[in-house]
Structure formats: structure tokens, C-alpha cells
4 protein chains.
Amino acid sequence: MSSVAPSERRPYKLVSREFHPDDSIIRVGSVEFGGPRVVVIAGPCAVESQTQLLQVASSVHEVGGLVLRGGAYKPRTSPYSFQGLGMEGLRILHQARQQLGLMVVTEAVDQESLQLVAEWADMVQIGARNMQNFSLLKAVGSTKKPVLLKRGVAATIDEWLMAAEYIAAHGNPHIVLCERGIRTYEGKTRNTLDLSAIPVVKQLSHLPIIVDPSHATGHWSWVAPMARAGIAAGADGLIVEVHPNPQEALSDGPQSLTLPHFRELIESLKAVAHAVGRQV
Amino acid sequence: MSSVAPSERRPYKLVSREFHPDDSIIRVGSVEFGGPRVVVIAGPCAVESQTQLLQVASSVHEVGGLVLRGGAYKPRTSPYSFQGLGMEGLRILHQARQQLGLMVVTEAVDQESLQLVAEWADMVQIGARNMQNFSLLKAVGSTKKPVLLKRGVAATIDEWLMAAEYIAAHGNPHIVLCERGIRTYEGKTRNTLDLSAIPVVKQLSHLPIIVDPSHATGHWSWVAPMARAGIAAGADGLIVEVHPNPQEALSDGPQSLTLPHFRELIESLKAVAHAVGRQV
Amino acid sequence: MSSVAPSERRPYKLVSREFHPDDSIIRVGSVEFGGPRVVVIAGPCAVESQTQLLQVASSVHEVGGLVLRGGAYKPRTSPYSFQGLGMEGLRILHQARQQLGLMVVTEAVDQESLQLVAEWADMVQIGARNMQNFSLLKAVGSTKKPVLLKRGVAATIDEWLMAAEYIAAHGNPHIVLCERGIRTYEGKTRNTLDLSAIPVVKQLSHLPIIVDPSHATGHWSWVAPMARAGIAAGADGLIVEVHPNPQEALSDGPQSLTLPHFRELIESLKAVAHAVGRQV
Amino acid sequence: MSSVAPSERRPYKLVSREFHPDDSIIRVGSVEFGGPRVVVIAGPCAVESQTQLLQVASSVHEVGGLVLRGGAYKPRTSPYSFQGLGMEGLRILHQARQQLGLMVVTEAVDQESLQLVAEWADMVQIGARNMQNFSLLKAVGSTKKPVLLKRGVAATIDEWLMAAEYIAAHGNPHIVLCERGIRTYEGKTRNTLDLSAIPVVKQLSHLPIIVDPSHATGHWSWVAPMARAGIAAGADGLIVEVHPNPQEALSDGPQSLTLPHFRELIESLKAVAHAVGRQV
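Residues numbered from 1 in each chain as written. Chains lettered and ligands numbered in written order. Predicted model: local features only at pLDDT ≥ 70, side-chain atom pairs only at ≥ 80, totals over all residues.

A. The arrangement of the UniProt feature "domain: DAHP synthetase I/KDSA" (unreviewed entry) in chain A in detail. As recorded in UniProt, the sites labelled "domain: DAHP synthetase I/KDSA" (unreviewed entry) are residues 35-270 of chain A. Regarding residues 35-270 of chain A, the helix share stands at 40% and the strand share at 14%, and the terminal C-alpha atoms are separated by 15 Å. (UniProt positions renumbered as here; feature names shortened; annotations may be inferred. Helix = DSSP H or I, 4+ residues; strand = E, 2+ residues; numbered from the N terminus.)

As C-alpha cells, then:
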């Protein structure tokens, strides 16, 4: 851990813009987060079967997507909900990775799954519920694997950057932040996507930041406009849920895009990215 | 008031998409809210003097802006803060209107100011703090003047649409909604701009909706990215605070754009509007 | 209005503990808010008829209650909901007042109703939705009538005290504050009763503060424990909804106590009040 | 894990009032949570030294307290803050336990600390930040040790009961819930103590529930009124921070009671507990 004490006013140090004035570029294989190209991560909420995953992965690959998501270890509110395929899910993701040349990001929920994810995937996701699981943050700091750090559902921007600081202070600077909606009183959407966090984070930190409009809105019909808004606000990428047949999804069906809707989204993003000087 | 009882599930009726499936276009002089062109309303938080207002108004006019904002009656948290110039402010706004051919929108806070605003301005603003001042809503319903109805700082989307329903049910269908940030636990920004409200409102209602990134973020440097995000999310317009000298503003200085920054914003908006099939 | 400018750090002045170190006692007839006796205000949400009101009023009177509540002017989220009996309601309240010797508190929603309420009732209620209706606050400041100022559903304690400052600065120091629940993400209760506001307000201000457990919880079965908690936290009183037949209430039925439950509540409050050195 | 699927409407099963209509009594040594006696857990936020802990422990013992708290593993927002004494802290706690006959509750933050805490202490605390660390919940389910499950800072009551269900479904029914304040927009207090959660939880579940007024309010002067309010609302106990010299505390000094204030609190609680038919 760094021995340099941060000031009271700017509690984080390694992840702060003052420490590193230029934008960081985080590389996952040939993919660059924080560069001129907006990165689109897509895939199902959970890996359910080889068939389901390959169908989505082919579609992601076909539209030019480079990163595949899919949960093998699923943190679920209820102990009676589907908890993910575990190691079997990692193998299915790995197979799609080999077959199509996609990078894979998937969630780790504890030390055990972290070791496996670090071995089998290209990027480790730390989910919203574990954003202040400091033991897990320290462990992911030791892996040196690129990390996708989701904002906790009620985390302040300071707490989120401090969670990133834990990872950096334990030796891993390869961090991409992900805004995924915060908990508010409004109930029409699953959470409230806090897009203001993008320019605020850009001011405070050098880390790339992407947006998850699927979990935030909770409904597929609101994903596309919020994805476009995220890019217009300056996000470095998106993570969206795509499912070949959302109505049969084992989790998060209502918020998943069908494959045709996903293709349409990518088309519409190109124009918006171009308008703000980026490409998809 | 309408005698048709709305259903339990969809409590608003006149403002609902079911009642009026097509998008409504609200006309204020030659300006159309809800049409292909994104409307930019700009001006100072408060009318402070003839000189200040004309300077901003000329700038708004120069970049092609068509609607001028400026508070004559200011609802302020403290009784000891500047409360606005009142009637004198309305006269200054009117003068700019005559000189430059701009439409004027300004806030009414009670029956008395409502009558004056309805007489001297083109559009009546109902502020966030009065969104559930039902007597005022009923009165503005009787005026038939176009209304800019801001969302209450902690209003749900349903409560907001119901406030619009009050106005419509009392005879005035000329309503434009304005998302201006909601109160959450996050303190970096003044409020949390809830851009998801745009697609949600578009689904539930036929009314146009615009975005106020100045009040929502509370800091000028975050206004431009959130303005772009609003347009990308499908907003029909923006309302932004512009001041010739923000550091000397009597209210809301930190969130006001300078005139050069305002011109830059308009340029950048053109590309984003084009990307989503609109113009500025 | 006072010409003494308050400091930046303590924005309110007249209502602050620094300005008036001792607890204020606000008198409404023979009733004292802020003294050793905990005041219980009870009655129906809305005055529905003479029969209904007299039934509740007799019950309030019978258990030793001294202040009767009941809405004649009802601010309702929907324009299609029952809006109150208006002047007819004030007359019914006045009749109960004369017959039973109870003090009456009822809500004013605009200048017109304010004048009538000030004339016909003993205490004017300013509801949560009008806490920042500054024109109404100024007007109620001019009346000199005792005021029950409810906290806005998303108002900070500072904003609430500043609303009280508006009333005081316009000449009326007879203010009783009422905590009635704030808007949070939790949906089991209608709002979240913020009892911490009691010791915080007691530290910052000399004004009495009471608690409304009926609106806060939204369900009668949670009213009694929260009423007891309010007294234990140091509240100077309670305002509770009581209805002879909650299932037929025109508004807020689910949160109204029956007459027997109200009697039980008063009994249980006596012990709690005694435990903290007060009486009911 | 139980094979009985819970219904959609009442997602938790083992912890629900329907499954077990009577109040559960959870035993930690001779201490009973959920019985007629209100349990007071007290101690410093963090174990800092043998001297500090023994001083507090003696005081807790002296006023009749039966359970000692003190963090050995501290989840801290910043990686640069004091992280606790770890195993050394557990030894110090154990020593006080042996010397004074107090029960000890302390937090576990991961599998490793869980094993040690389960071995050296009487009750395992799962902190707010780990309330949805499902791997940890499953592990604590396997230990059979009594668990103090704090509510997540933005957890709904349903999510909290579901976290308890994880523990119960993995074999451990010895669960005590702890309300410790939720995150809201109000900034005067550290969090907003949601005392309504007490009657709501009592209705939905058979588990005991206690209150933490120290973390919720964040300031020692508000701890006593909120502690009294908690008992009046029906809580089965309290957990409060006590420090021999709060100004020198390594964490949470401002919210810690001095030893004399703690003694005063206990005295005042006796009367309130008696008023609601309990004892301290």
C-alpha cells in the first residue's frame, strides 16, 4: 500500500486527477477504455447455457462488439433465485472467447470466484453490492487484472473513487468505473441513472468511466435513449444486457435488448459518438 | 374540470399518451416545443438590471436563440436573499422582447404575479417549489397561457404529470414539462438530473419535455455535457442560465455560463441534435 | 422584515436558539405547545360531514384532548380527488369548537383560504406541499395567528427552519413545527418519519416541535409505536388522524385510528410521557 | 438450503412471521434478545488497546451491561484509515470477556475473519456494507453462531429480511436484526434512523430487532433521545458507542458517549422501557 497520506480534502490520491493529470487508458487485450473509441460491452445478465451464450456472442461479434459480458456468479437478493452456473459458466464464456476472439468480463463475488475469474476471463467485474467489500477490493488489487468497478447503488462519488483507491493502493491501477444507477425515491425506473457522475468523475479522476443503462432503467425500451445520453455526456463506453429471447431469461429479462434492438442501438450510437468527437 | 374519471392505474387522463396518442406541439409565438427543432431557452437566473438583461438577451438572439428566461419573482430559501425586481423586472424583460423579437418566459409565484406575468410575458413558469401549489395550478389553468411546469425537487413522475393534469383539467392544455434535477443523497451536484424521466414521460404523456442542466448540476462546467446528454436522451429543449459576469450574479452565479461558453454550447448541441434526427 | 442580516453559517436568525436561548411556548387558547404537557391534536384527515366530525370531536374531548384537526381545504395529488368542503368545513369545525370547547387547527392553501381559516379557526396549518410557498408564508406571517408548519416531504431541516424564518420575519413568532415523514427510497411506509429531527431542531431552534405519525407511516397499526417513539425522542406533541369508520373515509382511511384505538394510544402515551418527565 | 419455494408476494420464508408466528428469542450465553429485557450492547467503535477496552468494558459491566462491542476488523471507506487490530483485537476482547463475564460481539468482514470471530467471540456482527455480501452470509449461515445483521445503508426492509433469509436458509436461525440509519438527502445527521422499521419488521418477521443510534445520528448529543425513542418504538435492544476519551478515538469519536453520559443514558432508559412493559 502507498505510504503517501492523501490530504483530508481530496481523500483519494492514486485515482485522482491531481496525481495523474492525463486520462488513463485501460487496455483489455486490444480493447482500450478511455481512448477515442467508445467501448460497447454486451451480453446476457447470466450465462444460462452454451447455446444461449453463443447466440448472443455471435451477435455481439457481428455488429463489431469486442467485449462480451455474462454472469457466472450471480449475487441475487433472494437465496432462492438462480445463483449462476459458476465454473461451468466461466467455461462457456471462455469457449465463446476462443471461438470469436471477444474479450470477456464477468463478476467475481468472493476470493474463490475471483481466482477463477482472473484465470478464465480478461476483466474482473466487481458488482454494486460488493463495492465496499474491502477484502475483495484488496484481493482484486493483488491480481493486476483489469477491473470493472460498478458504483454501489447508494454510494457517493467519493466513496466510489475511494473503493477504486483501495484497488489501486493494493497494486492494481487497471480500473474502469461503471455508473449503473443510484437508489432514489423515484419508482418508475429500477434506479436513477446518474449521468452527471460522468463529468464529475472526469474532473476528479483520470480513470475511464462507462455506463450501464440496462440495470439503471430496468426496462429495455429506455435503454437506447439512455445509452445515447451516456455517450453524449462523455462516457467512455457502455455495458448493455442482450438476450436472444428476453422473455425466457433466468434473470433481468425485462431490461434485456433483443438482438435486433441491439443492432439498431449500435447504429444510432455511431452518430452520437461522432457528434462528440468519438467513434463506436 | 373534466367529468371523466381516470382509471386507478393511469391516474392522469388529459395529459396521458392514451388520451392523445400523438406528440403535442406547444406554440409560444413562432416557437414550437415538441417539433423537430430543439428549443433553447436562455437567460440569467434573475433579472438584475436593464443593462445585464439586454447584454444576455443580445447574446441569446445573436446565436439564434428564440426564448429568453429571467426571474422577476424569485422564490428564495431565505427571506433575507434577493427576492427579484418584481414588476420592474417584467418591464425590463418586455423591453428586451420588443427590441429583439424574443419570446419571454418568467416565473409566477402567486395569483398576483401570475396575472402580471400572463399579461407581460409569453410563457408562465411554475417553479419546482410550487409544483404542488394546487391553487396556483388551477389559476394557471384558467389563463390559457403556455406554461413551463418544472418538476418538484422530490416529485415522482406520476405526481408531476398529475400537476400537469390540474392545469389541463382547468382548461389549459398548453403545457411544457421541465426536468430540473431531483433530490438524492449525492452531494457533488446540487441535484441529480434524472434524464431517464425523458423517455419515461414520452411513453406516458404526449407533452413536450425540456431539461434544465444549470439548476440540476449547480456548476457551469457540468452544464454542457448534461445539455448534450439531455438532447441525446430525446428532450425537446433546454433551459440554461447565462450571465455576462457570473461572479457578480445576485443568484446562482456558479452555475451560469458566460456568453462565450454559451455560444460554444450551442455549436456542440447542433451536432448532437443532428445525430438524433433533430435541429437546434 | 428584520434588517439584521443572519450569518452565512446560521442562516436563520429569529427562529434560532442563539437568538432566543430559552424554549418558546406557543399558546393556542389555553393550550401550550412547548411546555411540560405533551399536546395531542386529533381528528379526521378531512371534514366530511357534521355527523362524522362531531363523533370524532366528542371522542377527542372525552379522552382529554384539547385540539381538533380536520381539513376543510385539502391539497390532493389528483384534481379528481375530493378537495374538501371548504367554507362549509370551516363552519362544521367551528361548531364542534363551540360545542365542546376544543381548539381547532386546519390547513390554509392560499390567500383566500388563509383569511377564512384565520377568522374561523384557532391555528393555521401550512401543509408539507406549501412549506416553500413563500407568498403564503409571508401572508401567514402577517396574520399573527399561531401556525403549525409542516416539514416539506423532501425539505432539509435548514430549509424548514428557513420557512419558519419567513413567517417570523414577517411578524409572526407563534410557530409550531411538525415533522411528518420525509421521502426516501423505502416503500413499506408512506414516508420515513425522521425522529432525529426532534433533537436536531431542539438544538438549533427554540420553537416547539410535534410529530405526525399518521401521514409518515401511512398505516394505522404503526401509528401508536411511532407516536410513543416521538414523545420519547422529546417531541412537544402529536397530530394523529382519527376516524369513526376508517374504511369509509374519503381520504387517508388506512392510516386513521378508530376511536377505541385512539383511546388506547392516549393511555399508553401517558406512561411514556411520564418516563421523559412530561405529561399528556 | 431449504427446498420450499417462497411465494412471490412474501419472498422470505424462514424469517417470516407466517412461518413462525411467535417472537423468536435469540440466546447469546445468558443474554436473551427478544425477551422482556431490553439488551444494551456497548463499547468502543474500534478496539484500540487493552487499556482502552478494559476501561470501557468495566464501565459497561458496572452499569449492568451484559454485552460488549468493539471492532477488531474495521471496514473503512478509505484504505488509508485505521483498519483495526485484527487478531490482536480479538484477544483483547476475549480477555475482557473472561475477566468481567461479558458476552462479546464483533464484526467479521470475510471468510478468514469470520472463522476467527466465530472462535473467539460470542456473536458475529455482519456490518451494513456487507449486508448483501452473499458469500459471507452463506458462510455465517454455516457457523451456527448468533449473528447481529445490520441493515445496509440503503437497503429496503425486504432486502434486509432477505439477507437474513440467506443466513437462515444456510442453517443458522440465530439472527438479531439491527437498524442503524439509512441514507437520505438530509445531511444534519450522518444517516436517518428509520425507527418505523421496528414495527414494520415486527409485523413481517419473528426475529428480534435492535437499534444503533450512534452510527445513525453521528453525534453523541443525539444518541440518548434516539435510544429512548427506539425502545419506545418497540426495539429489543440497543448498540451504542462508548469511549473513555472520545476526542482521542481512532474512529467515530464524535458519536461516542463518554462513560458518565453512558451511565446517565442507562438510567433514563429504565423509565422508558418500563413505560412500554419492558426492563433494561
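B. Expanded view of the packing of helix 4 (residues 134-143) of chain C against helix 5 (residues 157-169) of chain C. All names here are of chain C. Close contact between helix 4 and helix 5 brings their axes to 7 Å; oriented N to C, the two are set at 40°. Taken together, the axes of helix 4 and helix 5 lie oblique to each other. Between helix 4 and helix 5 lies a crossing whose hand is right-handed. Residue-level contacts link Phe 134, Leu 137, Lys 138, Val 140 and Gly 141 of helix 4 to Ala 163, Tyr 166, Ile 167 and Ala 169 of helix 5. A per-class count over the contact of helix 4 with helix 5 returns seven nonpolar, one polar and one charged. (Axes fitted to C-alpha atoms, helices over the stretch in contact; angles between N-to-C directions. Parallel < 35°, antiparallel > 145°, perpendicular 65-115°, else oblique. Left-handed = near helix turned anticlockwise from the far one by under 90°. Contact = placed C-beta atoms within 7 Å. Nonpolar A, V, L, I, M, F, W, Y, C, P; charged D, E, K, R; others polar.)

C. Seen up close, unusual backbone geometry. Even without glycine at this site, Lys144(A) takes up a positive phi of about 70°. Mapped onto the secondary structure, Lys144(A) falls in the loop between helix 4 (134-143) and strand 7 (147-150).

D. Structural context of the pairing of strand 7 (residues 147-150) of chain C. All names here are of chain C. Residues of strand 7 alternate between two faces, with Val 147 and Leu 149 on one and Leu 148 and Lys 150 on the opposite face, all of them buried. Bridge count between strand 6 (residues 123-126) and strand 7: three bridges; the pairing is parallel. Directly across from Ile 126, in strand 7, lies its bridge partner Leu 149. Chirality of the crossover, the property in question, places the unit of strand 6, helix 4 and strand 7 among those that are right-handed. Strand direction decides the pairing type here: strand 7 and strand 8 (residues 175-179), joined by four bridges, are parallel. The residue bridging Lys 150 from the neighbouring strand is Cys 178, located in strand 8. (Buried ≥ 20, exposed ≤ 12 C-beta atoms within 10 Å, placed from the backbone. Pairing = 2+ DSSP bridges. Right-handed = clockwise from strand over helix to strand, strands pointing away.)

E. The arrangement of the relation of the copies chain A and chain B in detail. Expressed as a screw operation, the relation of chain A to chain B combines 0.0 Å of axial shift with a rotation of 180°, fitting to an RMSD of 0.0 Å. These values place the two chain copies in the arrangement generated by a two-fold rotation axis. Of every C-alpha in chain A, the one belonging to Ala229(A) sits nearest the axis of rotation, 2.1 Å from it. When the interface residues of chain A are mapped onto chain B, 100% of them are again interface residues, pointing to one common binding face. (Least-squares fit on C-alpha atoms with pLDDT ≥ 70 in both.)

F. Focus on the packing of helix 2 (residues 87-100) of chain B against helix 3 (residues 111-120) of chain B. All names here are of chain B. At a minimum axis separation of 10 Å, helix 2 and helix 3 run at an interaxial angle of 10°. What the angle tells us is that helix 2 and helix 3 run roughly parallel. The hand of the helix 2/helix 3 crossing is right-handed. Residue-level inspection shows Met 87, Leu 90 and His 94 of helix 2 in contact with helix 3, the latter providing Leu 116, Val 117 and Trp 120. Each residue belonging to the contact of helix 2 with helix 3 can be placed in one class, and the counts come to five nonpolar, one polar and no charged.

G. View of the sheet that holds strand 3 (residues 39-43) of chain B. Residue and element names in this part refer to chain B. Spatially, the eight strands close up into a barrel ordered 3-4-5-6-7-8-9-10, and their pairing is parallel. Each strand of the sheet is rotated relative to its neighbour by a mean of 25°, with strand direction disregarded. Sheet topology note: the strand 9 (residues 209-211)/strand 10 (residues 237-241) ladder contains two bridges and is parallel. By the bridge assignment, Ile 210 is partnered in strand 10 with Gly 237.

H. Focus on the pairing of strand 8 (residues 175-179) of chain D. Residues and elements named next belong to chain D. Burial analysis of strand 8 places five of its five residues in the buried class, the great majority of the element. Burial of strand 8 is two-sided: the residues Ile 175, Leu 177 and Glu 179 facing one way and the residues Val 176 and Cys 178 facing the other way are all buried. In this region the chain leaves strand 7 (residues 147-150), passes through helix 5 (residues 157-169) and returns to the parallel neighbour strand 8; the handedness of that crossover is right-handed. As judged from the three bridges shared by strand 8 and strand 9 (residues 209-211), these two strands associate in the parallel manner. Counted as the bridge partner of Cys 178 is Ile 210 from strand 9. In this region the chain leaves strand 8, passes through helix 6 (residues 197-204) and returns to the parallel neighbour strand 9; the handedness of that crossover is right-handed.

I. Expanded view of the interface of chain A and chain B. Across the contact, 33 residues belong to chain A and 33 residues belong to chain B. Listed by contribution, the elements that provide at least two residues to the side of chain A that touches chain B are helix 6 (197-204), helix 8 (223-232) and helix 9 (259-275) of chain A. The element contributing the most residues to the side of chain A that touches chain B is helix 8 of chain A, with six residues.

J. Expanded view of helix 5 (residues 157-169) of chain A. Residue and element names in this part refer to chain A. With 13 residues, helix 5 ought to run about 18 Å at 1.5 Å a step, and its terminal C-alpha atoms sit 18 Å apart, in line with that. The element helix 5 is extensively covered by neighbouring structure, given that eleven of its 13 residues are classed as buried. Burial in helix 5 covers these residues: Ile 157, Trp 160, Leu 161, Met 162, Ala 163, Ala 164, Glu 165, Tyr 166, Ile 167, Ala 168 and Ala 169. Packed against the buried residues of helix 5 are helix 4, strand 7, strand 8 (175-179) and helix 6. At the C-terminal side of helix 5, Gly 171 shows a positive phi close to 110°. (Expected span 1.5 Å × (residues − 1).)

K. Representation of helix 6 of chain A within the structure. Across the eight residues of helix 6 of chain A, six count as buried, placing the element largely inside the fold. Where helix 6 of chain A is concerned, the buried positions are Ala197(A), Ile198(A), Pro199(A), Val200(A), Val201(A) and Lys202(A).

L. Up close: the environment of Asp122(A). All names here are of chain A. Along the chain, Asp 122 falls in the loop between helix 3 (111-120) and strand 6 (123-126). The exposure class assigned to Asp 122 is buried, which follows from the 21 C-beta atoms found within 10 Å. Taking the C-alpha atoms as reference, Asp 122 lies 9.9 Å from Leu 68; in sequence the two are 54 residues apart. Other than its neighbours up to four places away in sequence, Asp 122 contacts Val 28, Gly 29, Met 103, Val 104 and Val 105.

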